[in-house]
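Residue-level structure breakdown
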Amino acid sequence: CDVIVDEADKMNRLVKKLLTLNQLESGNEVISMGRFDVAALIENYIQSAEILIRQSGGTVRFKETGPVYVWGDEFKTEEVVMNYFSNALNHLSGEKIVDIKLKMNEKLVRICVFNTGEPIPEEALPHLWEKFYKVDKARTREYGGSGVGLSIVKEILKGHKATVLAKSGADGKGLRIIMGFPLAEGDKQA
């Protein structure tokens, strides 16, 4: 009975994710745009994920000081950060470090999430945001990945007119996800 209940819960979460993705793709999901501090959002999420971080045995580095205001939907942006962060924790190896950085220019804030995990083959990188695409199908079963989360994230970012890019780490190890969000009006950096 426990196995049946567990599998039913997994199926329920998958159906909810597919419904969310369908709403986003059809343009029926409402995005409430506003000005918010993305540095505080990330810091708060890291604090709330303390148990997950300890369970992974990883170290999270995020040293942003002061507010960094962007224009977007705060709750949907938190969903994006949560997805990339949990993926980074689930795929840690080696030094087990998740490094989050904010880089700003006159128009954008780039949120970079890097983890010291196994590299993703270059030919797989463009497919990461496809529904049900999994680089290592056996490994994602270990933590319950459905292959839908990154598709949802891609649609949320598209609704924000934000950019996203995935590339291997500088030394060929790990994965770096880079998202570009528009700075809030009046918060342009020099």
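Provided above is the structure to which this section pertains.
Residues numbered from 1 in each chain as written. Predicted model: local features only at pLDDT ≥ 70, side-chain atom pairs only at ≥ 80, totals over all residues. Heavy atoms only, no water.

As for the sheet that holds strand E5 (residues 108-115)
Where we set the bar: For two strands to pair, DSSP has to find at least two bridges joining them. A run of H or I in DSSP counts as a helix once it spans at least four residues, and a run of E counts as a strand once it spans at least two, with each numbered from the N terminus. Every axis corresponds to a line fitted to the C-alpha atoms, with the helix fit spanning only the stretch in contact, and the corresponding angles, defined between N-to-C directions, vary from 0 to 180 degrees.
Strand order across the open sheet formed by five strands is E2-E4-E5-E7-E6, with mixed pairing between neighbours. Edge strands, defined here as strands with exactly one partner in the open sheet, are strand E2 (59-61) and strand E6 (163-168). Looking at each pair of strands side by side, their axes are set apart by 15 degrees on average, direction ignored. Bridge count between E2 and strand E4 (residues 97-104): three bridges; the pairing is parallel.

Notes on helix H6 (residues 149-159)
What counts here: To sort residues, take the accessible area from a 1.4 Å probe on protein chains only and compare it with the maximum for the residue type: under 20% means buried, over 50% means exposed, and anything in between is partly exposed.
In terms of residue burial, H6 counts as a mostly covered element, since eight of its 11 residues are buried. One or two steps after H6, the chain reaches Lys-161, where phi turns positive at roughly 55 degrees.

Looking at the environment of Ile-53
Selection criterion: Note on contacts: a residue pair is in contact if any heavy atoms of the two residues lie within 4.5 Å.
Following the sequence through the fold, Ile-53 ends up in helix H3 (residues 50-56). Residue classification places Ile-53 among the buried residues on the basis of a relative accessible area of 6%. Between the C-alpha atom of Ile-53 and that of Phe-85, which follows or precedes it by 32 residues, the distance is 9.9 Å. Ignoring any residue separated from it by four or fewer positions in sequence, one finds Ile-53 in contact with Ile-46, Gly-58, Val-60, Phe-85 and Leu-89.

Let's talk about the packing of helix H2 (residues 38-48) against helix H4 (residues 74-90)
Convention followed: Oblique is the label for any angle not covered by the other classes, which are roughly parallel (under 35 degrees), roughly antiparallel (over 145) and roughly perpendicular (65 to 115). Left-handed describes a crossing whose near helix is turned anticlockwise from the far helix by less than a right angle; the clockwise case is right-handed. Note on residue categories: nonpolar means Ala, Val, Leu, Ile, Met, Phe, Trp, Tyr, Cys or Pro, charged means Asp, Glu, Lys or Arg, and polar means any other residue, Gly included.
Running from N to C, H2 and H4 point in directions that differ by 50 degrees, and their axes come no closer than 10 Å. In terms of orientation, H2 and H4 fall into the oblique class. Crossing geometry of H2 relative to H4 is assigned as right-handed. On H4, the residues that touch Leu-41, Ile-42, Tyr-45 and Ile-46 of H2 are Glu-74, Glu-78, Val-81, Met-82 and Phe-85. A class-by-class count of the residues in the contact of H2 with H4 yields seven nonpolar, no polar and two charged.

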